[in-house]
Amino acid sequence: MNWTWFHKWGSPKWFYEMSGAWLKGFAIAACVLLAAGLVWALAIAPEDYQQGNSFRIIYIHVPAAFLAQSCYLMLAIAGIIGLVWKMKLADVALQCAAPIGASMTFIALLTGAVWGKPTWGAWWVWDARLTSMLILLFLYFGVIALSQAISNRDSAAKACAVLSIVGVINLPIIKYSVEWWNTLHQPATFKITEKPAMPMEMWLPLLIMVLGFYCFFATVLLMRMRLEVLKRESRTRWVRNEVEASR
Amino acid sequence: MNFATLADFFAMGGHAPYVWSAYGISLLVLLLNVAVPLLARRRYVADERRRIRREEAAQ
């Protein structure tokens, strides 16, 4: 097998040069998808026969919750790549994704609380799903705090990678929490093997919002990563040229 | 379109405080995620240029 494509990722300069175009593509896709999804979710989708219009919160709650978990999985994969192949860009990705993942977890928890009040009658309950999501938020905070607490970059990268990999055990707990402890949070509405338990007019805008959130995540992740690469390579000729060329 | 009038749209069938606060705060968090790296990049470029100029002046 030809591994050239993999070795390219070892070059920060190659990444910086390529990612500019990716960033633009993801940014445009995110704007289009989120704008269309927002209008569809707020104004066009029919209201729920039981929950009325409060159900519209699903269109940010579910995408944010998806992303909060996908982002943590990405942290763990970046951690493995960083530990096994000593790839510096993996640590850049890990450090840059952590605050974005934390903000997505925050959105999921917050919209869940606001949705819970009219639906369950409570902002917060110590339900298994809610508690495991709160633990996910603290895992993100842990990764961020750990990287700032260790001044040696290589040691910090290793410590954060290990924490990310160990913390991944929380993801199946989040996923199956609604089945193992059947308390208040409802089970998944969407399963890969079954037809959605929702009419198309309701799940189509949700699908668009989910795709929009993923594109948004890619956009802001690349923005952060490109800056971090510049900072770490600040003594090289190409970064100097880049700094002098940009406003 | 699910709503007959614009007032209906803003009222959200009585759920306005919940729907609009959830969407409002989430949008704010998303915008922060865009603004923070933009401002950080601007500051980094300004700092680096100052440093390069200082080093050139010292030589």
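Since this is a predicted model, take the numbers as computed values, not measurements.

Our focus in this paragraph is the interface of chain B and chain A. Opposite the 33 residues of chain B that make contact, chain A presents 45 residues. Taking both sides of the interface into account, the surface hidden between chain B and chain A amounts to around 3400 Å²; carbon and sulfur atoms contribute 68%. When the buried surface of chain B facing chain A is broken down by residue, Tyr 23, Arg 41 and Tyr 44 of chain B rank first, second and third, together holding 20% of it. Among the salt bridges present, the one from Glu 56 of chain B reaches Arg 240 of chain A, with a minimum N-O distance of 3.0 Å. Where chain B meets chain A, there are nine residue pairs in polar contact (both at pLDDT 80 or more). Ranked by residues supplied to the side of chain B that touches chain A, first place goes to helix 2 (residues 16-58) of chain B with 26 residues. Residues belonging to the side of chain B that touches chain A are distributed by class as follows: 21 nonpolar, six polar and six charged.

A few words on the pattern of salt bridges. Residues and elements named next belong to chain B. With the rule as written, the count across this model stands at eleven salt bridges over all chains. Put simply, Glu 48 and Arg 51 hold a salt bridge, and the shortest N to O gap is 2.9 Å. Remark: Arg 51 and Glu 48 occur in helix 2; sequence separation between them is three residues, near one turn of the helix. The class for Glu 48 is buried, based on a relative accessible area of 10%.

Residues and elements named next belong to chain A. Helix 7 (residues 170-180) packs onto helix 5 (residues 128-149) with a crossing angle of 160° between their chain directions and a minimal axis gap of 8 Å. It follows that helix 5 is roughly antiparallel to helix 7 by the angle criterion. Considering only the axes of helix 5 and helix 7, their crossing is left-handed. Residues Ala 128, Arg 129, Ser 132, Met 133, Ile 135, Leu 136 and Leu 139 of helix 5 pack against Asn 170, Leu 171, Ile 173, Ile 174, Lys 175, Ser 177 and Val 178 of helix 7. Across the contact of helix 5 with helix 7, the residue classes tally to nine nonpolar, three polar and two charged.

As a further point, take the packing of aromatic side chains. Residue and element names in this part refer to chain A. This structure, assessed with the given rule, holds 21 aromatic pairs over all chains. Considering the side-chain rings of Trp 3 and Trp 5, the 6.0 Å spacing of their centres and the 20° angle between planes classify their relative orientation as stacked. A ring pair is formed by Tyr 176 and Trp 180, whose centres lie 5.6 Å apart and whose planes are at 25°; its orientation type is stacked. One end of the pair, Tyr 176, and the other, Trp 180, are both in helix 7, four residues apart, so they sit about a helical turn from each other. Exposure remark for Tyr 176: the relative accessible area of 34% places this residue in the partly exposed category. Judged by its relative accessible area of 53%, Trp 180 falls in the exposed class.

Residue and element names in this part refer to chain A. A contiguous nonpolar surface patch, about 420 Å² in accessible area, is contributed by Met 1, Trp 3 and Trp 5. As for its placement among the helices and strands, Met 1 is situated in the segment before helix 1 (4-8). The class of Met 1 is exposed, set by a relative accessible area of 80%.

Residues and elements named next belong to chain A. At a closest axis distance of 11 Å, the pairing of helix 3 (residues 58-85) and helix 5 adopts a crossing angle of 45°. Taken together, the axes of helix 3 and helix 5 lie oblique to each other. Both helix 3 and helix 5 take part in a crossing whose hand is left-handed. Along its contact with helix 3, which presents Ala 65, Ala 68, Gln 69, Cys 71, Tyr 72 and Leu 75, the element helix 5 presents Met 133, Leu 136, Leu 139, Tyr 140 and Val 143. Class assignment for the residues of the contact of helix 3 with helix 5 results in ten nonpolar, one polar and no charged.

A word on helix 4 (residues 88-120) of chain A. All names here are of chain A. The end-to-end C-alpha distance of helix 4, which contains 33 residues, comes to 46 Å, matching closely the 48 Å that a straight helix rising 1.5 Å per residue would cover. Of all bends in helix 4, the biggest is about 30°, found at Ala 97, and the proline Pro 99 comes one to four residues later. Counting buried positions along helix 4 yields 26 of 33 residues, so the element is predominantly enclosed. Once helix 4 finishes, Gly 121 follows within two positions and takes phi at roughly 90°, a positive value.

Counting 84 residues, the largest nonpolar core has Tyr 59, Leu 75, Met 104, Met 133, Leu 136, Phe 213 and Met 225 of chain A as its most contacted members. Top element by residues in this core is helix 4 of chain A. It accounts for 16 residues. In this structure Phe 213 of chain A touches Leu 34, Ile 60, Pro 63, Ala 64, Leu 67 and Met 104 of chain A together with Leu 30 of chain B, once residues within four positions along its chain are discounted.

This next bit is on the side chain of His 61 of chain A. Residues and elements named next belong to chain A. Within the secondary structure layout, His 61 lies in helix 3. A distance of 3.4 Å separates the side chain of His 61 from the backbone nitrogen of Gly 112, its partner in a polar contact. With sequence-adjacent residues up to four places away left out, His 61 is seen in contact with Ala 108, Thr 111, Gly 112, Trp 115 and His 185.

Procedures and definitions
Residues numbered from 1 in each chain as written. Chains lettered and ligands numbered in written order. Predicted model: local features only at pLDDT ≥ 70, side-chain atom pairs only at ≥ 80, totals over all residues. Heavy atoms only, no water. Contact = heavy atoms within 4.5 Å. Buried area = accessible area lost by both parts, 1.4 Å probe. Salt bridge = Lys/Arg side-chain N within 4 Å of Asp/Glu carboxyl O. Polar contact = N/O pair within 3.5 Å; in protein donor to acceptor, adjacent residues only side chain to side chain. Helix = DSSP H or I, 4+ residues; strand = E, 2+ residues; numbered from the N terminus. Nonpolar A, V, L, I, M, F, W, Y, C, P; charged D, E, K, R; others polar. Buried < 20%, exposed > 50% of the residue type's maximum accessible area, 1.4 Å probe, protein only. Axes fitted to C-alpha atoms, helices over the stretch in contact; angles between N-to-C directions. Parallel < 35°, antiparallel > 145°, perpendicular 65-115°, else oblique. Left-handed = near helix turned anticlockwise from the far one by under 90°. Phe/Tyr/Trp six-rings, centres within 6.5 Å; stacked < 30°, edge-to-face > 60°. Patch = residues over 30% accessible without salt bridge, like charges linked within 9 Å, V, L, I, M, F, W, Y side chains within 5 Å. Areas by Shrake-Rupley, 256 points an atom, 1.4 Å probe, with all protein chains shown as cover. Expected span 1.5 Å × (residues − 1). Bend = angle between axes of the 7 residues up to and from the residue. Core = buried A, V, L, I, M, F, W, Y, C linked by side-chain atoms within 4.5 Å.

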